[in-house]
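# Coordinate analysis (summary)
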2 protein chains.
Amino acid sequence: MSTIADVAARAGVSKATASRALSGRGYVSEETRSRVAAAAAELAYVAHSSAISLATGRTQTVGVIMPPVDRWFFSELLAGLQESLFALDYELALYGLREGTTTRERLFDKVLPRRRFDGIIAVGLQPSAHELERLRRSERPLVSVGPYSEGSSSVSIDDTAAARIATEHLIELGHTDIAFVGGSADAGALSFGDARRVEGYLEALRAADLAARARLVEAAPTMPGGYGAAAELLGDRRGRPTAIVGVCDEAAIGATIAARRLGIAVPTELSVVGIDDHQHAEMFSLTTIRQSPREQGHEAVRLLRERIEHSDAPPEHVVPASALVVRNSTAAPRHGS
Amino acid sequence: MSTIADVAARAGVSKATASRALSGRGYVSEETRSRVAAAAAELAYVAHSSAISLATGRTQTVGVIMPPVDRWFFSELLAGLQESLFALDYELALYGLREGTTTRERLFDKVLPRRRFDGIIAVGLQPSAHELERLRRSERPLVSVGPYSEGSSSVSIDDTAAARIATEHLIELGHTDIAFVGGSADAGALSFGDARRVEGYLEALRAADLAARARLVEAAPTMPGGYGAAAELLGDRRGRPTAIVGVCDEAAIGATIAARRLGIAVPTELSVVGIDDHQHAEMFSLTTIRQSPREQGHEAVRLLRERIEHSDAPPEHVVPASALVVRNSTAAPRHGS
């Protein structure tokens, strides 16, 4: 196999020049570039990333740290990251992460410092001070999606506002008995974004003098989680709320399925609203707050790339708009309920 | 930042020896290894993958090519790959792929040949002869998950057998009018695995002299796909089958939801069986054929690693067992139906 040295020799330039010409980074005259390209073609030379990397200091690789891709948000976001990184000819090195495991410690202390990236995108993860320090020492730009720490750029919807708008929609329809499925009085038990959604729900109730009616029902933010919690909540006819806010569409869809199984008509007997506009929301006619994780992936890559090109770019926080989408799962409560 | 040259100089060894000592690959005496380790510690040296790579010829990186991770199978499989690769200290370079796009051509002809991996795992993708040739030229081992080509190792359940067992279960219960949701008479319109599942369904019908009753209902292999197709199929009371085989659990769950909305009781009026044992199968009491994509991910990494270590290992095809799990969505047809 031909090496960069062979190409350089045939083109009559130094190895560094040949590398610059082939990688497209750094100045090379047009004439030199075409001479090197011709030599590379004649020798059927294929540039290897390690060699390019040592010559340019760039790896064209972005490290992506994210939780297991078993929820719609993460799979859509990953698709967005893949699209943008592939278009820019960046490699995506993927690191999975569950909260609170020794894996996390090993990743930040041992794995990431040894690997070379041009930048890192951290998804659904609030780096600790220690972790940020590890990243800072490596002098690689960091962009967060979802929870973030001061000093790093981020893309994140306003989760508080999303849940507040969803709850206000129900209050405007006349509901006063609104449960939140997927909440907890213990914010530490929830993810960063989900804790903010609980806060948005409570804010809307407070503004309508309904704070005393708040009902936080614990549930995993999944379809089975919402199903199980709603089956219990709705099983007792007397204490039944007239409306439910799901912490996410998956929980709201689970609650909808539980209601149907119990013979409770949506929306005439129960209104349900979610947050996300999940791919299955339309099938369940679910009223929801729309966000686009795929576009958030594109934004994250844009922010990171700017910081790779300009290492002194100040932190930037992008807050994508999220809008209420009214479908057929919400209506005014029945008179007298 | 310290370089490998600084470490080598302080330890009084060559750069190649220092690299071998730090990477753990290749022979270095124990005394030399500890002297180099001490020098690296004093200099706070962090080995960089590009340097290790040039010194050892290994990149500790595995390229993973897979479709968008928006179906349960792919997200579970990816989790399995991540677990095994992380445990072995391999980096995972992820490449997304939609069938039939120019992206695929660019990936095989331009991107993969330029990048350095120790091996490649291709998921849900049958490489063409041209693509296999590109991979073979790079002399990197390849393991396929799902569809595969001769000459490469693979992990794949027997999709034909899975669908045959699911259909036989319904036939044994007494059903003779069994529709397959997610099929097509045109095998080319289906993924490799889904086409085999259609074949397994037809095999079971033929063996029971029911071939003339075969009904292939086209549907995307998703929950909304199964929902839409089943809503149409079940809407007309007269032509209604007594049982449905879903091409996958997602399609079967969609069909179950459609039946419930139409007031058709499962399993007394309609039996439904799926394939996968999806994370939501239990919530819908779905009878299904269990497979574990996460374990398939572990197997794929094991096969690939053997071939990285022993480049002359012959191709191996692993066929994980898949078993019938009977829940509450299947029963004998009502008398007279």
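The rules we used
- Residues numbered from 1 in each chain as written.
- Chains lettered and ligands numbered in written order.
- Predicted model: local features only at pLDDT ≥ 70, side-chain atom pairs only at ≥ 80, totals over all residues.
- Heavy atoms only, no water.
- Core = buried A, V, L, I, M, F, W, Y, C linked by side-chain atoms within 4.5 Å.
- Buried < 20%, exposed > 50% of the residue type's maximum accessible area, 1.4 Å probe, protein only.
- Pairing = 2+ DSSP bridges.
- Helix = DSSP H or I, 4+ residues; strand = E, 2+ residues; numbered from the N terminus.
- Axes fitted to C-alpha atoms, helices over the stretch in contact; angles between N-to-C directions.
- Domains from an automatic or database assignment.
- Contact = heavy atoms within 4.5 Å.
- Buried area = accessible area lost by both parts, 1.4 Å probe.
- Salt bridge = Lys/Arg side-chain N within 4 Å of Asp/Glu carboxyl O.
- Polar contact = N/O pair within 3.5 Å; in protein donor to acceptor, adjacent residues only side chain to side chain.
- Nonpolar A, V, L, I, M, F, W, Y, C, P; charged D, E, K, R; others polar.
- Least-squares fit on C-alpha atoms with pLDDT ≥ 70 in both.

### With respect to the nonpolar core
Core analysis: the biggest nonpolar cluster contains 50 residues, and A:I121 and B:I121 have the highest contact counts within it. Core analysis: the second largest hydrophobic core is formed by 48 residues, A:L234, A:V272, B:A219 and B:M283 among them.

### Focus: the sheet that holds strand β10 (residues 287-290) of chain A
Residues and elements named next belong to chain A. Read from one edge to the other, the open sheet built from 6 strands follows the order β7-β6-β8-β9-β10-β12, with strand pairing classed as mixed. Each having just a single partner strand, β7 (215-217) and β12 (323-325) make up the two edges of the open sheet. Going across the sheet, the axis of each strand differs from the next one's by a mean of 20°, ignoring polarity. Judged from the 3 bridges that link them, strand β6 (residues 178-181) and β7 form a sheet pairing that is parallel. Note on β7: the bridge partner recorded for A179 is R215.

### A word on unusual backbone geometry
The phi torsion of most residues other than glycine is negative, and most of the peptide bonds are trans. Put simply, A:V266 and A:P267 share a cis peptide bond, and its omega is 10°. Mapping A:P267 onto the fold places it in the loop between α11 (249-261) and β9 (271-276). Although it is not a glycine, B:D89 adopts a positive phi angle of roughly 65°. The partly exposed category is assigned to B:D89, whose relative accessible area is 22%. Of note in the backbone geometry, B:D209 takes a positive phi value of approximately 55° without being a glycine. With respect to the helices and strands, the residue B:D209 is situated in the loop between α9 (192-207) and β7 (215-217). Using a relative accessible area of 72% as the deciding quantity, one classes B:D209 as exposed.

### A few points about the domain arrangement of chain A
All names here are of chain A. Domain annotation of chain A identifies domain 1 (4-56), domain 2 (61-157 + 292-320) and domain 3 (159-290). One C-alpha centre belongs to domain 2, the other to domain 3, and the line joining them spans 30 Å. On the domain 3 side, the residues contacting the 6 residues of domain 2 number 11 residues. Regarding the contact of domain 2 and domain 3, the summed buried area is about 890 Å², with carbon and sulfur atoms giving 55% of it. In terms of surface lost to domain 3, no three residues of domain 2 exceed R71, W72 and I157, which account for 70% of the buried area on that side. Linking domain 2 to domain 3 there are 0 salt bridges. At the junction of domain 2 and domain 3, the tally comes to 2 residue pairs in polar contact (both at pLDDT 80 or more). Residues belonging to the side of domain 2 that touches domain 3 are distributed by class as follows: 3 nonpolar, 2 polar and 1 charged.

### A look at the sheet that holds strand β8 (residues 243-246) of chain B
Residues and elements named next belong to chain B. Strand order in this open sheet of 6 strands is β7-β6-β8-β9-β10-β12, and the pairing throughout is mixed. At either margin of the open sheet sits one strand with a lone partner, and together these are β7 and β12 (323-325). The average angle at which neighbouring strand axes cross in this sheet is 20°, direction not considered. For β8 and strand β9 (residues 271-276), the ladder comprises 3 bridges, and the chain directions are parallel. Within β9, the position partnered with V245 by the bridge is V273. Its contacts with the sheet put helix α10 (residues 223-235) on β6 (178-181), β7 and β8, and the angle it makes with β6 is roughly 150°.

### Considerations on the pattern of salt bridges
Residue and element names in this part refer to chain A. Following the criterion strictly, the structure yields 35 salt bridges over all chains and no others. A salt bridge links R334 to E269; the shortest N-O distance between them is 3.4 Å. With R334 in the segment after β12 and E269 in the loop between α11 and β9, this pair connects stretches of sequence that are 65 residues apart. With a relative accessible area of 26%, E269 lands in the partly exposed category. Taken together, the shared-partner salt bridges connect E299, R302, E306, R307 and E316 into one network.

### As for the relation of the copies chain A and chain B
For the match of chain A to chain B, the screw axis carries a shift of 0.0 Å, the RMSD comes to 0.2 Å, and the turn is 180°. In short, the pair behaves as if placed about a two-fold rotation axis.

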